Amino acid sequence: MKAANLEFNGKAFKRFYVTDLDEMVKCCHLLLDSKATRLGLDIETSKKIKFLNFVPVKKGNRTIGPAPGLCPLLSDIRLIQIFDPIQNAVYVFDAMKIPLWRNSCLFRSFLTERKFIAHNGVFEIKHFTHNSYPNMHIDCSMLLTILVDRAERSPFEPEEEDEDEPADGMAKYKKTGYGLDAVIGRLYGCRVEKAFQTSDWNRLELSKDQINYAALDAVLTYRVGRDMMEKVLEYKMLKAYTVLRDMQHVVADMELTGIAIDKKQHNSLIKEWEKQHAENTIECTKRFKKVNLNSSKQLNAWAKEKYPEAFWCRYWPKTKASTEENQILSFGKDTLKEVIDTIERRFKQRSNALLALLEYKKFGKLLSTYGETLAAITHPSTGRVHCSFIIGETRTGRLSSREPNLQNLPRDKSVRRLFIAPDAKHLLVADYSQIEIRTAAALSKDPVMTNAFIKGIDLHKYIVKMCFGWKMKDITKEQRQMGKAINFGYEFRMGWKKFARYALTSYGVKITDEQAKHTFDTYHSLYRVYSAWCEAEYRKCERLGFVRTPLGKIRKLLPEEQYTRSVNTQVQGGAAEAIMLALIYFRKEMPKGCKLISTIHDEIIVECDQQKPEYKDLLEKCMVKGFQDVFPEAPICGLVEASYGRTWADAKQ
DNA sequence: AAAGGCAGCGCG
DNA sequence: AAAGCGCGCTGCCTTT
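Values in this document were obtained by computation on a predicted structure and should not be read as measured data.

1. Points about empty space enclosed by the protein
With the rule as written, the count across this model stands at 4 cavities of 30 Å³ or more. The volume enclosed by the largest cavity comes to roughly 70 Å³. Lining the largest cavity are Gly397, Arg398, Leu399, Gln407, Ala576, Ile579, Met580, Leu583, Thr599 and His601. Classifying every residue of the lining of the largest cavity gives 5 nonpolar, 4 polar and 1 charged. Here the second largest cavity defines a volume of roughly 60 Å³. Looking at the second largest cavity, the residues that line it are Ala240, Val243, Leu244, Gly397, Leu551, Lys553, Glu577 and Met580.

2. Remarks on the nonpolar core
Among the nonpolar cores identified, the biggest contains 144 residues, and Tyr432 and Tyr530 are the most heavily contacted of them. Of all the elements, helix α6 (residues 208–234) adds the most residues to this core, at 13 residues. Apart from residues lying up to four places away in sequence, Tyr432 is in contact with Ala578, Ile579, Ala582, Asp602, Met623, Phe627, Leu639 and Val640. Counting 29 residues, the second-largest nonpolar core is a separate cluster that includes Cys27, Ile98, Leu100 and Leu111.

3. Points about the packing of helix α11 (residues 333–347) against helix α12 (residues 352–370)
It is at 10 Å that the axes of α11 and α12 come closest, and there the two elements cross at 160 degrees. One finds that α11 runs roughly antiparallel with respect to α12. The two elements α11 and α12 cross, and the hand of that crossing is left-handed. Counted together, Lys333, Leu336, Lys337, Val339, Ile340 and Ile343 of α11 and Leu354, Leu355, Leu357, Leu358 and Lys361 of α12 form the full contact between these two elements. Residue composition of the contact of α11 with α12, by class: 8 nonpolar, no polar and 3 charged.

4. Focus: the pattern of salt bridges
All chains considered together, the criterion is met by 32 salt bridges. Lys510 serves as the salt-bridge partner of Asp341, at 3.9 Å between the closest nitrogen and oxygen. One end of the pair, Asp341, is in helix α11; the other, Lys510, is in the loop between α19 (496–507) and α20 (513–526), with 169 residues separating them in the sequence. Residue Asp341 is classed as partly exposed on the basis of its relative accessible area of 28%. Note that Glu620 is salt-bridged to Lys616, the shortest N-O span being 4.0 Å. Residue Glu620 and its partner Lys616 are located together in helix α23 (residues 613–630), separated by 4 residues, close to a single helical turn. The exposure class of Lys616 is partly exposed, given its relative accessible area of 26%. Ionic contacts of the salt-bridge type, sharing partners, join the residues Arg38, Asp139, Arg245 and Asp246 into one network.

Conventions and cut-offs
- Residues numbered from 1 in each chain as written.
- Chains lettered and ligands numbered in written order.
- Predicted model: local features only at pLDDT ≥ 70, side-chain atom pairs only at ≥ 80, totals over all residues.
- Heavy atoms only, no water.
- 1 Å grid on protein atoms, 1.4 Å probe; cavity = no way out; pocket = protein on both sides within 12 Å on 5 of 7 lines; lining within 4 Å.
- Points joined across faces, edges and corners; volume = space filled by probe spheres on them.
- Nonpolar A, V, L, I, M, F, W, Y, C, P; charged D, E, K, R; others polar.
- Core = buried A, V, L, I, M, F, W, Y, C linked by side-chain atoms within 4.5 Å.
- Buried < 20%, exposed > 50% of the residue type's maximum accessible area, 1.4 Å probe, protein only.
- Helix = DSSP H or I, 4+ residues; strand = E, 2+ residues; numbered from the N terminus.
- Contact = heavy atoms within 4.5 Å.
- Axes fitted to C-alpha atoms, helices over the stretch in contact; angles between N-to-C directions.
- Parallel < 35°, antiparallel > 145°, perpendicular 65-115°, else oblique.
- Left-handed = near helix turned anticlockwise from the far one by under 90°.
- Salt bridge = Lys/Arg side-chain N within 4 Å of Asp/Glu carboxyl O.

Dropping the structure here:
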């Protein structure tokens, strides 16, 4: 076996290209026997022959949805690159030349027994899971890097001075993002060539440059992982990291499984929306003529022409960017409603144009986001929607979701009904009840909040009772909504002025300044201990310059961020950590008939073969356990609500 | 032509 | 002195 001698950034390493069985056996033994605690890992993928001609969906100038080469269902593992830091050697296994997946006990034990480290481990885990290795130990140098970065940098950090540009005029390295090239640039100040990433990995004979590129990535991943792990330990974030590491498998499973869509229903819904939208557009062109209704600039011109300056100057809310000299009117839904209301009250007129505009916007948004775009990204081979879940990027520790974002679907039943269980399956949906208030109660040990949870008192009703003296049993749905606004607003240190506006625009409830102040005072005297805790946490954060979530994830905060985010990070982050533990527990224990589908901050969706009470009990048990791990002393009565249904809409009670 | 900022909207 | 938080997607508009 011939070794190539390579180097990066002044450090040399050997590279072996493994193309036959004897070589593979030898390398597997070497790697199994290596004294290294972790091995660097990277893979390159080729397109499955069947999908060679598959064209990913274009949206504007970029492609979205499933892509051969990225999606495990559309691609094969071509190369597996393993870096052994003890031998200082990379072994590049070529799956097109060796039958890696066919009953090779040696290769199997190598993959299952060793610990690896990869950059964006979810990618590797998805591919290995799809090839029947669902539980490999893979640390992620990207997750480690992000954790360290969040502890060391705030997004409001002033830009660092540009150093002298290199002679070739190219920027030295990317300042944003967590791709391996960007990370290497920021950590070690050197550039990595990434052009080969998209080269042709389907050809039987790979070029030397391709093989060397592939090998290098495994080395770099290892170096980043080793260095960042050291920092994570130094910052005492191992516990937080371990949760993220285990979440990789949950996310990989959910992304591979996807969620089924009712195509017929979707098509008829699109037709319905299009009809409505066409009618609204006609109605609007009558009143707005040639104005582009999606352009706030053109709408500004239109409004300033139509209404007297004295009116829009005084009564029309302005955007954030608006200045004294250049006033920019806001055209958001809430402000439009406000303006319509003002016109009606003060001038006894119906603003038909603005009312039509509201309707136009509503269906325009639905069509552009959940119309053909959604249909286009359903997977060609599964017919389901496979979104990506992103771990570790949000500043509190929540997951986020992309392509499509399944976490901000309209609550409207017509949309949620599109997400279904396929024939003979069922959806199990469970959510934490009032998780953020529970978390606040647990962190601060506020006795009033805690007692309410023990006794099962509805906190949203309770707060309006205390504010306005209404009787619990008489409180209407709308009044309870107001309670929600009070609880969520003041929990995260909103001021009474903003609350007054918030109540008006979001709930249409007009309250005077005096009343707003009263709700503020009532909240803070009722939850005295929580308020004091918030203040104490703020002081602590002021001293330290950062805040920690319950499991220890650090978020650096600049002084101007500290007042609100010191509290919010702990509450939201703690809730996120609880549900992540729940997901990890459930994945470990769930029976064959269950598949994790999705999670939305306080909610978990599972696809089941039957409506068995055992499944539901297990999910509830795991969610309780996850919560208790983070908040051992918190009450758990009424913590989880779960139910079955055929669609997402009707599985939620 | 591509990239980034902003406003606006949906969710928890 | 005063201070809700956390996301992603779409379309428009400006800059490169």
